[in-house]
Amino acid sequence: QKSGYKHFMLKEIAEEDESVRNTIQSRISENGKILLDDEISIDKGFIKNIDRITIVACGTSFYAGLTAKPILEKYTGVKVDVEIGSEFRYYNYIYSKNNLFIAISQSGETADTKEPLRMAKEKGIKTLSIVNVKESAIARMADSCIYTLAGPEISVASTKAFVSQLAVLYMLAFYVGQIKGKQIEKKAKMLLSIPKLIKTTFNNTVEAAKKLAEEYHRYKNFLYLGRGLCYPLALEGALKLKEISYIHAEGYPAGEMKHGPIALIDENTPTVVVAHSKEPLYSKSLSNCEEIKSRDGKIILISDKQADIVDETIKMPEVDYELLPFIYVVPLQLFAYYMALFLGYDIDQPRNLAKSVTVE
Ligand code: M6R
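Residues numbered from 1 in each chain as written. Predicted model: local features only at pLDDT ≥ 70, side-chain atom pairs only at ≥ 80, totals over all residues. Heavy atoms only, no water.

Student: Just to check I follow, could you spell out the overall build of the protein for this structure?
Tutor: Tallying secondary structure elements over the protein gives 13 helices and 10 strands in all. Against the compact-globule benchmark of 21 Å for 360 residues, the protein has a radius of gyration of 20 Å, which places it among compact chains. With the C-alpha coordinates of the protein rotated into their principal frame, the extents come out at 55 × 40 × 40 Å. A burial count over the protein gives 60% of its 360 residues as buried. Counting contacts in the protein only where the partners sit at least 6 residues apart, residues at least 24 apart contribute 75% of the total. Counting 46 positive and 46 negative side-chain charges, the protein places the averaged centre of each group 3 Å from the other. (Helix = DSSP H or I, 4+ residues; strand = E, 2+ residues; numbered from the N terminus. Rg over C-alpha atoms; globule rule 2.2 N^0.38 Å. Buried < 20%, exposed > 50% of the residue type's maximum accessible area, 1.4 Å probe, protein only. Contact = heavy atoms within 4.5 Å. Lys, Arg positive; Asp, Glu negative; His and termini not counted. Charge placed at Lys NZ, Arg CZ, Asp CG, Glu CD.)

Student: Quick question: what am I supposed to make of the side chain of Lys240 here?
Tutor: Along the polypeptide, Lys240 turns up in helix 11 (residues 230-245). The class for Lys240 is buried, based on a relative accessible area of 0%. Those residues in contact with Lys240, other than ones at most four positions away along the chain, are Met9, Thr60, Ala157, Ser158, Thr159 and Ala336.

Student: Just to check I follow, could you spell out empty space enclosed by the protein for this structure?
Tutor: The rolling of a water-molecule-sized probe over the atoms marks out the regions of remaining empty space. For the structure shown, the criterion picks out 1 cavity of 30 Å³ or more. Taken as a whole, the largest cavity encloses approximately 40 Å³ of empty space. If you go around the largest cavity, the residues you meet are Ile40, Ile42, Ile47, Ile50, Leu100, Leu128, Leu172, Tyr175 and Val176. Considering only residue class, the lining of the largest cavity consists of 9 nonpolar, no polar and no charged. (1 Å grid on protein atoms, 1.4 Å probe; cavity = no way out; pocket = protein on both sides within 12 Å on 5 of 7 lines; lining within 4 Å. Points joined across faces, edges and corners; volume = space filled by probe spheres on them. Nonpolar A, V, L, I, M, F, W, Y, C, P; charged D, E, K, R; others polar.)

Student: Before we go on, may I ask you to explain helix 2 (residues 16-24) in this structure?
Tutor: A turn of α-helix holds 3.6 residues, and therefore any two residues three or four places apart point the same way. For helix 2, the full list of buried residues reads Glu16, Asp17, Ser19, Val20, Thr23 and Ile24. Taken around the axis of helix 2, the buried residues stretch over an arc of 165 degrees, which confines them to a single face. Structurally, helix 2 contributes buried residues whose contacts are with helix 1 (8-14), strand 5 (144-147), helix 8 (160-179), helix 9 (185-191), helix 10 (194-216) and helix 13 (324-343). (Arc of directions from axis to C-beta.)

Student: Even after reading the chapter, I still don't get the sheet that holds strand 7 (residues 248-253), so can you show me in this structure?
Tutor: Strand pairing in a sheet takes place through backbone hydrogen bonds and is either antiparallel or parallel in direction. Taking strand neighbours across the sheet as the criterion, the 5 strands line up as 7-6-8-9-10 in an open arrangement whose pairing is parallel. Bordering the open sheet on either side are strand 7 and strand 10 (312-315), each of which pairs with just one other strand. With direction set aside, neighbouring strand axes in the sheet form an average angle of 20 degrees. Sheet analysis places strand 6 (residues 221-226) next to strand 8 (residues 271-274), joined by 4 bridges and oriented parallel. From the neighbouring strand, Leu223 faces strand 8, where its bridge partner is Thr271. Those strands touched by helix 10 are strand 6, strand 9 (299-303) and strand 10, and its axis lies near 160 degrees from that of strand 10. (Pairing = 2+ DSSP bridges. Axes fitted to C-alpha atoms, helices over the stretch in contact; angles between N-to-C directions.)

Student: How do you make sense of the site of the ligand when you look at a structure like this?
Tutor: The local shell around the ligand holds 13 residues, among which Ser61, Ser105, Ser107, Thr110 and Glu243 are the closest. Interatomic distance of 2.5 Å between a side-chain N/O atom of Thr110 and an oxygen atom of the ligand. One of the side-chain nitrogen or oxygen atoms of Lys240 is found 3.0 Å away from an oxygen atom of the ligand. Calculation on the ligand without its partners gives an accessible area of 410 Å², and the protein chains cover 90% of this total. Put simply, the ligand lies in the largest pocket. Those elements that provide at least two residues to the shell around the ligand are helix 4 (59-76) and helix 11. If one sorts the elements of the shell around the ligand by residue count, helix 4 sits on top with 3 residues. (Near = heavy atom within 4 Å. Polar contact = N/O pair within 3.5 Å; in protein donor to acceptor, adjacent residues only side chain to side chain. Areas by Shrake-Rupley, 256 points an atom, 1.4 Å probe, with all protein chains shown as cover. Sits in = over half its atoms within 2 Å of the grid points.)

Student: Please explain the confidence of the model for the protein as it appears in this structure.
Tutor: Interpreting fine coordinate detail is not advised for predicted regions of low pLDDT. Put simply, the protein has an average pLDDT of 97, and 100% of its residues get 70 or more. As scored by the predictor, the complex reaches a pTM of 0.98 and an ipTM of 0.98. (pLDDT = per-residue confidence, 0-100.)

Student: Would you mind going over the pairing of strand 8 with me for this structure?
Tutor: Side chains on a regular strand alternate between the two faces of the sheet. The alternating pattern of strand 8 places Thr271 and Val273 and Val272 and Val274 on opposite faces, both of which are buried. Sheet topology places strand 8 next to strand 9; 4 bridges connect them, and they run parallel. Among the inter-strand pairings, Val274 is bridged to a residue of strand 9, identified as Ile302. With respect to chirality, the unit in which strand 8 leads through helix 12 (residues 282-293) into the neighbouring parallel strand 9 is right-handed. (Right-handed = clockwise from strand over helix to strand, strands pointing away.)

Given below as structure tokens:
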């Protein structure tokens, strides 16, 4: 049921606070302990000695993995590889001695994620899955499954599953850190405040995203840029725009702009820049904005800080830098939604796409 919303996609974006709350509330204690012992049957001795984490997924689930990679590396202290399922299945991956394999999938039925999981199991690698659909193939196949409790996601464009996957990945990072004796409680407690912040972000940005879409929906090409934690969000923002509004959009790490994509920029190619003012390379993101401006490119900035150089800003609430992906993705999803709405497309069932891709 759409509960009064015009489309499932908008309803599901509006439910993101609830999805994250359901995913974390019984798994983080008030004093910041991660309570995943019952769900992860993998031996604690193994977890203590994990020497690499390999994440395999497709589409938005892949971007969730990419977003969480630096967080996982920081709190677990081990190298994390994030791989695309359709490539991984034909690639001779060299596992390390104590490798943990993680498959991420909303549907739990994606063929290109399922096959790498089967291959990892065949090699005797310890496997874990992060899945939204109960009792799906990927949930059943892995040694352990941590469910995202996002509720059913109907819209083909994945939204609430993404933030819920992030929530599980962050908890997992803290859980491994906790087992290794790291101080994770402060950050884990901060995670508990995220659902409220997602709600605030939705309420504060929904009208701005709609207004921008009204103004920008006739452009044919977009560039999305970000650095650090904002880089995978640029990829995800571009994917959302492509799949439901059929507008060509490229996501790039902002520093890579000068290595090619800058050639695309003119008055007809707007750029969406995602930048948190506390990120280590914030001033460099602003330099990118200057380079775009000097080529007459329009800029939409998604940030907690206004910048004079840009054309439009979606002002974000203050948030801890490491937790920004949970809220910075919201206006990107909303912008894509309203772009497709103004263009009159079938938002929940975009052409050529299926909710679950069970064939190769
Ligand atoms: O069900 P999964 O998470 O395994 O699906 C993976 C992708 O097919 C999926 O995320 C796809 O990219 C979405 N339509 C993106 O919005």
